[in-house]
Amino acid sequence: MKKIISFAIALLIAFSATTFIVSAPLVADSEEFTQEDAESLEAAREKLSQINERQAELSSSLKKYSSEKNSEVKAKQTLEQQMYETESKIETIEWIIDNLESRLAEKNEELNIAQADYEAYHEKYVSRIRENYEMGSTTYLEVIIMSENFSDMLTRYDYIRDMMDYDKQILDTMCDNIAFIESIRSEIIADRNEQQEMLELLSQEKSSQAAQVVDLKSRINYIETNIAKLQAEQEEFERLEAEFEKQINELLDKKKKYAGGTFMWPLESKYSRITSGFGWRTLYGKKDYHYAIDIPADKGAPVYAAADGTIIYYGWTNTGGGNKCVIDHGSKLMTHYNHMSAFVPELQKQFKEKGSVDVKKGDVIGYVGSTGNSTGNHLDFKILYDGTAYDPSLYVTPDGSKPQKDIMDLIN
Ligand SMILES: [Zn+2]
């Protein structure tokens, strides 16, 4: 017990250093529930309610952070997906550019060859012309002289001219081919430049997405740090809650300890006859165990609390008891009072408000009647210890003389 208390105090000190300033309640060592105990109980209850308040705050903060984290994680996933898409676009464009570059290289080579061919052919052509020119009229003269007739001369002359025309045509075709290759080449270059611009844009997009992902990661880390802090605090508060609950329960157990002394007869001593005792009996032709004693009395005769205690049931019961009162005397001792005609209005009011009412030994708790399963005005009186019924006639006497058995023997 002392260990638990000092542990609770140590926790209280650690606790007060951060959030609360508390005076440590102490459970006094005496067996009786003292005024000091009552104050400690109240302080502990107040502390517990503060703890519970903070716990509610913590769980709502945690909820908030968790949902924030979820949305940030989702945003990050979306961005990562977009980044992945950007990356695959970049890969495709890089592949296209590679292709364009190799086609460009091909075209460059083609162009080189076409130009070289042209130059070679052109050189031949030029030299042929030069030859013809240098030969000048000789050639023409030769042609004419060698010609058998005018017609033949013309034919020969035409032949030379045709040859020259043919060369010119080939050169033109080669020239066209070069122009064609060049046009394709410039198309490829334009295409490549366009793709490179696109690549540039996509790279920028990718770096901006990457930067956003980094931002989100640090935001998520920040939230996770806060969540961890709150969870640590939550754990600490759970420990504190358990400690205070334990302390409260210890105090309540002490409070609920039966103060001692014999039980008193629950009616005026003139109502001393027992019509139906504790044990086996035949009721309506059936064997039945009677867990109480039946004491006949006038309707409206006051019913007294057999000892100090707390009324924990005060109302109608459908189990046959009619208007019923149950008193908890502490130490697991209880008394039941059945079939009453009426309740005490003030007690009824308090019971409705608080769910329990403290009473003293001898307080009027109701009035004799015949409600429920009853054939006449009487009090059905029951004594229980730890849920087991004991014969009341052994523990209480109508005149207050020493009973056969001591109620304290049940407890000890
Ligand atoms: Zn009875």
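Data block above holds the structure.
Residues numbered from 1 in each chain as written. Predicted model: local features only at pLDDT ≥ 70, side-chain atom pairs only at ≥ 80, totals over all residues. Heavy atoms only, no water.

**Side note on the coordination of the zinc ion**
Here is step 1 of the chain: Looking at the zinc ion, one finds its protein donor set to be His 290 (NE2), Asp 294 (OD) and Asp 380 (OD), positioned 1.9 to 2.3 Å from the metal centre.
Here is step 2 of the chain: Each donor residue of the zinc ion belongs to the same chain, and together they define the spacing H-x3-D-x85-D. (Donors = N, O, S within 2.8 Å, 3.2 Å for Na, K, Ca; no water.)

**Examining the environment of Arg 54**
Here is step 1 of the chain: You can see Arg 54 is positioned in helix H2 (residues 35-146).
Here is step 2 of the chain: Taking the C-alpha atoms as reference, Arg 54 lies 8.1 Å from Phe 237; in sequence the two are 183 residues apart.
Here is step 3 of the chain: When residues no more than four places from it in sequence are discounted, the contact partners of Arg 54 are Glu 233 and Phe 237. (Helix = DSSP H or I, 4+ residues; strand = E, 2+ residues; numbered from the N terminus. Contact = heavy atoms within 4.5 Å.)

**So, the pattern of salt bridges**
Here is step 1 of the chain: For the structure on display, the rule yields 14 salt bridges.
Here is step 2 of the chain: With its nearest N and O atoms 3.4 Å apart, the salt bridge here joins Glu 101 to Arg 192. Here Glu 101, found in helix H2, pairs with Arg 192, found in helix H3 (residues 150-255); they are 91 residues apart in sequence, far enough to count as distant.
Here is step 3 of the chain: The exposure class of Arg 192 is buried, given its relative accessible area of 17%.
Here is step 4 of the chain: Salt bridges linked by common partners bring Arg 54, Glu 57 and Glu 233 together as one network. (Salt bridge = Lys/Arg side-chain N within 4 Å of Asp/Glu carboxyl O. Buried < 20%, exposed > 50% of the residue type's maximum accessible area, 1.4 Å probe, protein only.)

**Quick notes on the environment of Ser 341**
Here is step 1 of the chain: Looking at where Ser 341 falls in the secondary structure, it is placed in the loop between strand E7 (333-340) and strand E8 (342-343).
Here is step 2 of the chain: Residues Ser 341 and His 378 lie 37 residues apart in sequence; the distance between their C-alpha atoms is 9.7 Å.
Here is step 3 of the chain: Setting aside residues no more than four positions away along its own chain, Ser 341 makes contact with Lys 299, Gly 300, Asn 323, Tyr 367, Val 368, Gly 369 and Thr 371.
Here is step 4 of the chain: Reaching out from Ser 341, the side chain makes a polar contact with the backbone oxygen of Val 368 at a distance of 2.7 Å. (Polar contact = N/O pair within 3.5 Å; in protein donor to acceptor, adjacent residues only side chain to side chain.)

**Some thoughts on unusual backbone geometry**
Here is step 1 of the chain: Phi is positive for Ser 331, which is not a glycine, with a value near 50°.
Here is step 2 of the chain: When you line up the elements, Ser 331 lands in the loop between strand E6 (322-330) and E7.
Here is step 3 of the chain: Within the chain, Lys 332 stands out as a residue other than glycine whose phi angle is a positive 65°.
Here is step 4 of the chain: Inspection of the secondary structure assignment puts Lys 332 in the loop between E6 and E7.

**Some details on the packing of aromatic side chains**
Here is step 1 of the chain: As enumerated under the stated definition, the model contains seven aromatic pairs in all.
Here is step 2 of the chain: Ring geometry for Tyr 258 and Phe 263: centres 5.6 Å apart, planes at 85°, overall edge-to-face. Of the two residues examined, Tyr 258 and Phe 263, each falls in the buried class.
Here is step 3 of the chain: Plain terms: the ring middles of Phe 278 and Tyr 289 are 5.7 Å apart, the flat faces sit at 85° to each other, and that makes the pair edge-to-face. Of this pair, Phe 278 sits in the loop between H3 and strand E1 (279-283) while Tyr 289 sits in strand E2 (residues 286-290), and the two are 11 residues apart along the sequence. (Phe/Tyr/Trp six-rings, centres within 6.5 Å; stacked < 30°, edge-to-face > 60°.)

**What to know about the layout of surface pockets**
To locate leftover empty space, one rolls a probe as large as a water molecule over the atoms.
Here is step 1 of the chain: The calculated volume of the largest pocket comes to roughly 760 Å³.
Here is step 2 of the chain: Taken together, 23 residues make up the lining of the largest pocket; nearest its centre are Lys 255, Lys 256, Lys 257, Gly 309 and Thr 310.
Here is step 3 of the chain: If you list the elements that add at least two residues to the lining of the largest pocket, you get H3, strand E5 (309-317), E6 and strand E9 (357-359).
Here is step 4 of the chain: In this structure, the second largest pocket encloses a volume near 490 Å³.
Here is step 5 of the chain: Residue lining of the second largest pocket: 22 residues in total, with Arg 281, His 290, His 339, Asn 373 and Asp 380 positioned closest to the centre.
Here is step 6 of the chain: The set of elements that each furnish at least two residues to the lining of the second largest pocket consists of E1, E2, E7 and strand E11 (378-385).
Here is step 7 of the chain: Tallied by class, residues from the lining of the second largest pocket come to five nonpolar, 11 polar and six charged. (1 Å grid on protein atoms, 1.4 Å probe; cavity = no way out; pocket = protein on both sides within 12 Å on 5 of 7 lines; lining within 4 Å. Points joined across faces, edges and corners; volume = space filled by probe spheres on them. Nonpolar A, V, L, I, M, F, W, Y, C, P; charged D, E, K, R; others polar.)

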